[in-house]
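Listed here are the chains, written in short residue letters.
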Amino acid sequence: MELLIKNARIIDVTQDFVGNIYIKNGFIEEIGKEINKDNIEVFDCKGKVLMPAFIDTHAHFRDPGLTWKEDIETGSLAALKGGYTGVCLMANTNPICSSKETLEYVRNKSKEFNLIDIHQCISITKNFDGITLSHLEDLATDNEIKAISDDGVGVSNSNTMREAMKIAEKNNWIIMSHAESPEFSKVDMRIAENMMTLRDVELAKLSKVRLHMCHVSTKEAIKYIIDGKMEGANITLEITPHHIGLTRDINDYRVNPPIREKEDVEAIIEAIKLGMVDTIGTDHAPHTAEEKQKGSPGMVGIETAFSICYTKLVKENNISLNKLSELMSYNPAKLLDMNKGKISVGIDGDFVLIDIDKKVKINPKEFASKGKNTPFEGMEFYGEVLATIKGGKVKYQLKVNN
Ligand code: DOR
Ligand code: ZN
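Predicted model only: the values in this text are computed from it and were never measured. (Residues numbered from 1 in each chain as written. Chains lettered and ligands numbered in written order. Predicted model: local features only at pLDDT ≥ 70, side-chain atom pairs only at ≥ 80, totals over all residues. Heavy atoms only, no water.)

**Student:** Explain the coordination of the zinc ion (ligand 2) here, please?
**Tutor:** Binding of the zinc ion (ligand 2) to the protein goes through D151 (OD), H178 (ND1) and H215 (NE2), at separations of 1.9 to 2.2 Å. Relative to the metal, the four donor atoms surrounding the zinc ion (ligand 2) lie at angles of 84 to 127°, and the coordination shape comes out irregular. H178 gets classed as buried once you look at its relative accessible area, which sits at 5%. Look at H215 and you get buried, because its relative accessible area is 3%. (Donors = N, O, S within 2.8 Å, 3.2 Å for Na, K, Ca; no water. Tetrahedral: all angles 85-135°; square planar, octahedral: opposite > 155°, others 65-115°. Buried < 20%, exposed > 50% of the residue type's maximum accessible area, 1.4 Å probe, protein only.)

Have a look at this one:
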């Protein structure tokens, strides 16, 4: 299996040049300004931007048990359409992913479709009961587990979180924290995020545990995390496209954490510029229209992430495409220990081809996801994903209607 990518503007975390890439048996074999091979498939990029495919540190594919919202196949197709070849899936399925059986179900199904690379999180507390950690001991022998999370809800008992961090540290697992204190959820969602962020940062300081703060959305939470990082805690900070793309005064939409104020968006962008933000996670959360009407929080996001981030960060705030590649590919790959995220020899041949000048109007009818729940409908952003390549195979290509 060979592929020759030609005439691409190649951009990753450190590079930006026009050239060619030769992929063999799934891996990058050669990178250069002039590569010529006989009798192999050629993918001509016609000068468009080619980046390492994106990796989503935070998505919900709803499989098993909630597959009317999404399933592994449609979630993966949506990921490819958005330029992603790797995702980290949250455990709030039905059943909750707390057992070897559920884990194996997801792994087998993703192998069967063989569309993208999927890492499935297991829950921190058994079946999200908020207290039981015994399943973690049972799963400690599973070498493929990289991260644990109760995302969807916070772990409210502080000592349970502390014990979970000890277990995570021992197993070199990442704790992915959905910071929301339930006692404040109905009272004040800003305090809910801030209190739990502060607590998790404090607990992380007690050990070398890898703590990944999901979808950080308030200026206070950003500050607490930066302080924790400065003090040497092993924390990574994730932001979402919707928390930089929307503000509450104009586009309030039900999601947890909620859409925040302009000052919060500015704080996130400032933190990116300071090098304090690590990854962009989409928090892709498909729901039906009926469920949204009844108040289910969340929005789909994996198909629109790049254009929103490119427009808001690169176009409007002078953040470089290299930096965006760091947040969407390089750092996520490092976090999840995937052989991806940069363009160099020996790395997986996973790429996204983008027309950065193309203006796109968000139209949920075109989504591959079952979920059409997006507040971005009708809005225009720059940057269109033209193709996604995984392991040297073109897995998605935009159909051009003339
Ligand atoms: O808005 C949200 N929806 N936030 C979460 O943390 C979970 C997600 C979901 O699963 O629907
Ligand atoms: Zn969450």
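Anyway, onward from the coordinates.
**Student:** How do you make sense of the packing of helix α4 (residues 158-171) against helix α6 (residues 189-204) when you look at a structure like this?
**Tutor:** Between two packed helices, both the angle of their axes relative to each other and the distance between the axes serve to describe the pair. α6 packs onto α4 with a crossing angle of 40° between their chain directions and a minimal axis gap of 10 Å. Between α4 and α6, the angle falls in the class oblique. When the axes of α4 and α6 are compared, the crossing they make is right-handed. Residues S158, M161, R162 and M165 of α4 form the contact with α6, whose participating residues are R199, D200, L203 and A204. Residue composition of the contact of α4 with α6, grouped by class: four nonpolar, one polar and three charged. (Axes fitted to C-alpha atoms, helices over the stretch in contact; angles between N-to-C directions. Helix = DSSP H or I, 4+ residues; strand = E, 2+ residues; numbered from the N terminus. Parallel < 35°, antiparallel > 145°, perpendicular 65-115°, else oblique. Left-handed = near helix turned anticlockwise from the far one by under 90°. Contact = heavy atoms within 4.5 Å. Nonpolar A, V, L, I, M, F, W, Y, C, P; charged D, E, K, R; others polar.)

**Student:** I keep staring at the layout of surface pockets and nothing clicks. Help me out?
**Tutor:** Unoccupied space between atoms shows up once a probe the size of one water molecule is rolled over them. The computed volume of the largest pocket comes to approximately 630 Å³. As for the largest pocket, its lining consists of 26 residues, of which K81, V360, E366, E384 and L398 are closest to the centre. For the lining of the largest pocket, the secondary structure elements donating two or more residues are α12 (305-317), β14 (351-361), β15 (380-390) and β16 (393-397). With five residues, β14 is the largest single contributor of residues to the lining of the largest pocket. Taken together, 16 residues line the second largest pocket, and the ones lying closest to its centre are S110, D117, I118, H119 and E144. Mapped by element, the contributors of at least two residues to the lining of the second largest pocket are α2 (100-113) and β8 (117-120). When residues of the lining of the second largest pocket are assigned to their parent elements, the largest contribution, four residues, is made by β8. Looking at the lining of the second largest pocket, its residues break down into four nonpolar, five polar and seven charged. (1 Å grid on protein atoms, 1.4 Å probe; cavity = no way out; pocket = protein on both sides within 12 Å on 5 of 7 lines; lining within 4 Å. Points joined across faces, edges and corners; volume = space filled by probe spheres on them.)

**Student:** Quick question: what am I supposed to make of the pattern of salt bridges here?
**Tutor:** Side chains that carry opposite charge are capable of pairing whenever their charged atoms lie near each other. Scanning the model with the defined rule gives 32 salt bridges in all. With a shortest N-O distance of 3.0 Å, K37 and E30 are connected by a salt bridge. Its relative accessible area of 30% is what places K37 among the partly exposed residues. In this structure, K205 engages E231 in a salt bridge whose closest nitrogen and oxygen atoms are separated by 3.0 Å. In this pair, K205 sits in the loop between α6 and β11 (210-213) while E231 sits in the loop between α7 (219-230) and β12 (235-239), placing the two residues 26 residues apart along the sequence. Residue E231 is classed as exposed on the basis of its relative accessible area of 54%. A single network of salt bridges, built from pairs that share partners, joins K100, E104, R107, D142 and E144. (Salt bridge = Lys/Arg side-chain N within 4 Å of Asp/Glu carboxyl O.)

**Student:** Help me understand the UniProt feature "domain: Amidohydrolase-related" (unreviewed entry) in the protein chain, please; the structure alone is not making it clear to me.
**Tutor:** UniProt marks residues 49-394 with the feature "domain: Amidohydrolase-related" (unreviewed entry), using the numbering shown here. Secondary structure within residues 49-394 divides into 37% helix and 18% strand; the distance between the first and last C-alpha atoms comes to 16 Å. (UniProt positions renumbered as here; feature names shortened; annotations may be inferred.)

**Student:** Would you mind going over the packing of α6 against α7 with me for this structure?
**Tutor:** It is the contact of α6 with α7, at a shortest axis distance of 9 Å, that shows an interaxial angle of 5°. Overall, the two elements α6 and α7 adopt an arrangement that is roughly parallel. Across the interface between the two elements, R190, E193, N194, T197, L198 and V201 of α6 pack against K219, E220, A221, Y224, I225 and G228 of α7.

**Student:** Please explain the site of ligand 1 as it appears in this structure.
**Tutor:** Around ligand 1 sit 14 residues in total, of which R62, N92, H178, N256 and H287 are the nearest. P297 has a polar backbone atom sitting 3.1 Å from a nitrogen atom of ligand 1. Summarising the interface, the protein chains cover 95% of the accessible area of ligand 1, which totals 290 Å² for the free molecule. Residues that form the shell around ligand 1 fall into these classes: three nonpolar, eight polar and three charged. (Near = heavy atom within 4 Å. Polar contact = N/O pair within 3.5 Å; in protein donor to acceptor, adjacent residues only side chain to side chain. Areas by Shrake-Rupley, 256 points an atom, 1.4 Å probe, with all protein chains shown as cover.)

**Student:** Can you walk me through the pairing of strand β5 (residues 49-52) in this structure?
**Tutor:** Remember that side chains alternate between the two faces of the sheet whenever the strand is regular. Two strands pair when backbone bridges link them, and strand β1 (residues 2-11) and β5 are joined in this way by two bridges, in the parallel orientation. By the bridge assignment, R9 is partnered in β5 with V49. Alignment of β5 against β14, held across four bridges, turns out to be antiparallel. Residue pairing for β14: V49 is matched across the bridge by I354. (Pairing = 2+ DSSP bridges.)

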